[in-house]
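# Per-entry structural report
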Amino acid sequence: MDSNLSIGLIKNGQVNYYGVKRENDSILNLDNSKKIFEIGSISKVLTANILSKFIIEKKVGLNDNISSYIGLKLKDSAKISFKSLANHTSGIPRMPNNFSNSSKKNPLNPYKDYNVDDLEIYLSDSLKINHDTKGKFLYSNLGFAMIGYTLSKIDNQDYKSMFNEYIFSKYKMNNTTFEKEKVNNLLVKGLNSQGNEVPNWDFQIFGPAGGILSNTEDMAKYIIAQFDKTDKELQLLRKQTYKINTGLGMGLGWFIEKPKSNKKKMYRHGGNTGGYSSMMIVDVNNKNGIIILSNVTSRNPYFENINKLAASLLKQIRN
C-alpha cells in the first residue's frame, strides 16, 4: 500500500495545500487536501473547545468538580475539576484499568468494545487518583473521555451531536466526523509499520480523546479560526493553565511552546492511532500554521519525522 502525506500550510492567514504519496521507491505529488485521515489526539483540542464554550456560557466553571454534573458518584468521592482533566494534571491514569479487558478482544481496533457502561463501572468502582502525580502533568486519554462524557450529560445529547453542532458546523468543517461510513469514499487507509493496511479505530466513549476523522482542508479552517480575536472560546482555549517546564505549558487541550514570550508562543498537538500520525501547530501572532495528516503509524520508527517536518516548515515560513 502507498503512504500518504497531506499538508496544509498557512502563512499570513492564507493556506496552500501540498500532498505527496510514496509509491514503491518513488515520491509523487498529488492533491489530497480533501482526503480523510484519522487525526487521533488532535481531537482533544476540539473537545476542549466545547468545554471552553460551556465555560464562556457559564454552563460550567473551569474549577468545578465533574461529579456535580454526571449523576454518578465517583469512587472515594473523588474531586476532579474540568481544568485538571483538560491540562492533564488530575492524577488519574492514562487509561482505565478495565480497558485491557476490551482491547484484548480486538487488538487491531482496541477501543471498539469499550463503551459507556464500562466507563461508568470504572468511575464508580475503580477510579483511583494518584496523589503523587495529582497537580503534575501526566497525559491521559481517560481524562478527555471523561470531559466528553460529562459535557454530553450537561448538554443532554451524545458527544457526536455536540461536535456536529458546536465545532464542525461552526467552523464549516464539512467533511469532519466520527463516522467513517460518511466519508468512506475519501478515506485514506491506515498502514502498519510493515506498510500493510489496518482497520480504522472505532473509539466509542473515547471518541473525544482521539476519534475524529478529518482532512487538511477542514483542519486548515480550524487553524485560521484561531486568528479571529473575537472568538472568546478559542482565546480561552489557548490561555495557559499549567507550566510543564520553562519552554512548555498547557492551555485547555493545547500544548503551548515558549510560554514566556507572546511573540514566539505557539500552540501544538499531535495525534497517533494504529495506522495514522498527525501534527498541528499554530502561530497566532503571525497568522501562520501547519497541519500534517498521514497514514503512517506511530509504530513506524520514522513517524517522529512528521513532527520534525511540521516544526521545520513553520520555522521556514516565519523567517
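This text goes with the structure placed above it.
Residues numbered from 1 in each chain as written. Predicted model: local features only at pLDDT ≥ 70, side-chain atom pairs only at ≥ 80, totals over all residues. Heavy atoms only, no water.

Our focus in this paragraph is the sheet that holds strand 2 (residues 14-23). Spatially, 9 strands are ordered 3-2-1-11-10-9-8-7-6 in an open sheet, and the strand pairing comes out antiparallel. On the outer flanks of this sheet lie strand 3 (26-29) and strand 6 (242-245), each paired with one strand and no other. Strand-to-strand twist of the sheet, defined as the mean angle between neighbouring strand axes without regard to direction, takes the value 20°. Here strand 1 (residues 3-11) pairs with strand 11 (residues 288-294) via 6 bridges, running antiparallel. Pairing of Leu9 across the sheet is with Ile290, part of strand 11. Strands strand 1, strand 9 (266-272), strand 10 (277-283) and strand 11 of the sheet are contacted by helix 11 (residues 304-318), whose axis makes an angle of about 155° with strand 11. (Pairing = 2+ DSSP bridges. Helix = DSSP H or I, 4+ residues; strand = E, 2+ residues; numbered from the N terminus. Axes fitted to C-alpha atoms, helices over the stretch in contact; angles between N-to-C directions. Contact = heavy atoms within 4.5 Å.)

One pass over the full model with this rule turns up 20 aromatic pairs. On the numbers, 5.9 Å between centres and 80° between planes, the contact of Phe54 with Tyr166 is edge-to-face. In this pair, Phe54 sits in helix 1 (residues 43-56) while Tyr166 sits in helix 7 (residues 159-168), placing the two residues 112 residues apart along the sequence. When sorted by exposure, Phe54 lands in the same class as Tyr166, which is buried. Residues Phe99 and Tyr114 carry aromatic rings whose centres are separated by 5.6 Å and whose planes lie at 55° to one another, so their mutual orientation is tilted. In this pair, Phe99 sits in helix 4 (residues 99-103) while Tyr114 sits in the loop between helix 4 and helix 5 (116-125), placing the two residues 15 residues apart along the sequence. Residue Phe99 shares its accessibility class with Tyr114, and that shared class is buried. Ring pairing ties together the aromatic residues Phe99, Tyr111, Tyr114, Trp201, Phe203 and Phe206, which thus form one cluster. We note Lys59 situated over the ring of Phe54; from NZ or CZ to the ring centre the distance is 4.5 Å. (Phe/Tyr/Trp six-rings, centres within 6.5 Å; stacked < 30°, edge-to-face > 60°. Buried < 20%, exposed > 50% of the residue type's maximum accessible area, 1.4 Å probe, protein only. Lys NZ or Arg CZ within 6 Å of the ring centre and 35° of its normal.)

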